[in-house]
Amino acid sequence: MVSRIDRKKVVDTALRLLNEVGLDGLTLRGIAKELNVQAPALYWHFKNKQELLDEMATEMIRRMAGNLDGGGSGADPRTGTWQEMLVGACRTVRRELLGYRDGGKVFSGTRMTDGSAAGPLDSLMACLTAAGFTLEEAVRAWWAAYNFTVGAVIEDQSVHPVPGQREIRDPAYDESERERQLGREFPLAAQAGRTMFGDLEASFEAGLRIIVAGIEVTMGPDARG
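Residues numbered from 1 in each chain as written. Predicted model: local features only at pLDDT ≥ 70, side-chain atom pairs only at ≥ 80, totals over all residues. Heavy atoms only, no water.

1. Thoughts on the UniProt feature "domain: HTH tetR-type" (unreviewed entry) in the chain
Under the feature "domain: HTH tetR-type" (unreviewed entry), the UniProt entry names residues 4-64. The span residues 4-64 carries 70% helix and 0% strand; its end-to-end C-alpha distance comes to 28 Å. (UniProt positions renumbered as here; feature names shortened; annotations may be inferred. Helix = DSSP H or I, 4+ residues; strand = E, 2+ residues; numbered from the N terminus.)

2. A word on the packing of aromatic side chains
Going through the model one piece at a time under the given rule, you end up with 6 aromatic pairs. Between the NZ or CZ atom of R94 and the centre of the ring of F204, over which it lies, the distance is 5.0 Å. (Phe/Tyr/Trp six-rings, centres within 6.5 Å; stacked < 30°, edge-to-face > 60°. Lys NZ or Arg CZ within 6 Å of the ring centre and 35° of its normal.)

3. Some points on the UniProt feature "DNA-binding region" (unreviewed entry) in the chain
Within this numbering scheme, the UniProt entry marks residues 27-46 as carrying the feature "DNA-binding region" (unreviewed entry). Note that residues 27-46 is 40% helix and 0% strand, and that its end C-alpha atoms are spaced 12 Å apart.

4. Things to note about the layout of surface pockets
The computed volume of the largest pocket comes to approximately 400 Å³. If you go around the largest pocket, you meet 18 residues; those closest to its centre are I61, A117, L121, W142 and Y146. Listed by contribution, the elements that provide at least two residues to the lining of the largest pocket are helix 3 (49-71), helix 6 (118-130) and helix 7 (135-159). At 5 residues, the largest contribution of residues to the lining of the largest pocket is made by helix 6. The residue makeup of the lining of the largest pocket, split by class, is 16 nonpolar, 2 polar and no charged. (1 Å grid on protein atoms, 1.4 Å probe; cavity = no way out; pocket = protein on both sides within 12 Å on 5 of 7 lines; lining within 4 Å. Points joined across faces, edges and corners; volume = space filled by probe spheres on them. Nonpolar A, V, L, I, M, F, W, Y, C, P; charged D, E, K, R; others polar.)

5. Here we look at helix 9 (residues 187-197)
Three- or four-residue spacings in an α-helix give side chains the same orientation, since the helix completes a turn every 3.6 residues. Those residues of helix 9 lying buried are A190, G193 and F197. Within helix 9, the buried residues cover an arc of 50° as seen down the axis, which keeps them to one side. Exposed and facing more than 90 degrees away from the buried side of helix 9 are L188, Q191 and T195. On the buried face of helix 9, the contacting elements are helix 7, helix 8 (175-182) and helix 10 (200-218). (Buried < 20%, exposed > 50% of the residue type's maximum accessible area, 1.4 Å probe, protein only. Arc of directions from axis to C-beta. Contact = heavy atoms within 4.5 Å.)

6. Brief notes about the nonpolar core
Grouped together as the largest cluster of nonpolar side chains are 55 residues, with contacts concentrated most on I31, L42, L52, M56, F107 and W142. Residue assignment for this core shows that the elements contributing at least two residues are helix 1 (7-25), helix 2 (28-35), helix 3, helix 4 (82-98), helix 5 (103-107), helix 6, helix 7 and helix 10. When residues in this core are grouped by element, the largest group, 9 residues, is from helix 4. Residues within four places of L42 in sequence aside, it is in contact with I5, V10, L28, I31, A32, L35 and V37. (Core = buried A, V, L, I, M, F, W, Y, C linked by side-chain atoms within 4.5 Å.)

7. Let's talk about unusual backbone geometry
Phi angles above zero are rare outside glycine, and N36 is one such case at about 60°. With a phi close to 60°, D102 is a non-glycine residue in the positive phi region. You can see D102 is positioned in the loop between helix 4 and helix 5.

8. Focus: the state of the cysteines
Throughout the structure, instances matching the rule amount to 0 disulfides. Considering cysteine sulfurs only, C127 is the nearest to C90, which forms no disulfide, with 12 Å between them. Take C90: its relative accessible area is 1%, and that puts it in the buried class. Note on C127: relative accessible area 11%, which makes it buried. (Disulfide = S-S within 2.5 Å.)

9. Overview of the pattern of salt bridges
All chains considered together, the criterion is met by 16 salt bridges. Here the residues in one salt-bridge network are R7, K8, D12, E55, E59, R62, R63 and D114, joined through shared partners. (Salt bridge = Lys/Arg side-chain N within 4 Å of Asp/Glu carboxyl O.)

Set out below in structure tokens:
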């Protein structure tokens, strides 16, 4: 007897299967097999893979919303500085997306299917505008930090494709081999690889510091001051 399925069950299954097969291997047929139904049954809920990816990305934001809204961002939204809130939100996005194989690619470029992202965004905008940013400045500050974070996740997951297993690296990012191939003609580029693809968490944190410093001197009350 075939069990009844709904959108949530399909999405939960798709997110679980994503960690096993990755984005390229994720198909409606594979999800249907996992659910023990025929593939056409899924088309009652999603017309195509892109609609499913949109819902998967929305479910990701639902799951991280509580942490983005101050709960796990590393700063109390009532007392934290805007810098702490911004950095904390970026760290939360990174941590959550790294929990899914190809999570950055799934999340990037998809459309939210409901207003799950609105609450956390409103809280971030409230924090920044309370600190003296105009709304336009607040949006641009978050947009820069957010895009850096998602891009960093995509790069990170290219090097470490399996969630939670940092010891597994794509062989294409072997620094020694890169240096052997490039070292004679491009010695600085060869050496740069160890920083670019080595400690990716340290690179992420350094990038956040650069972005926050840039925001401080180009917009907001201190820049106008």
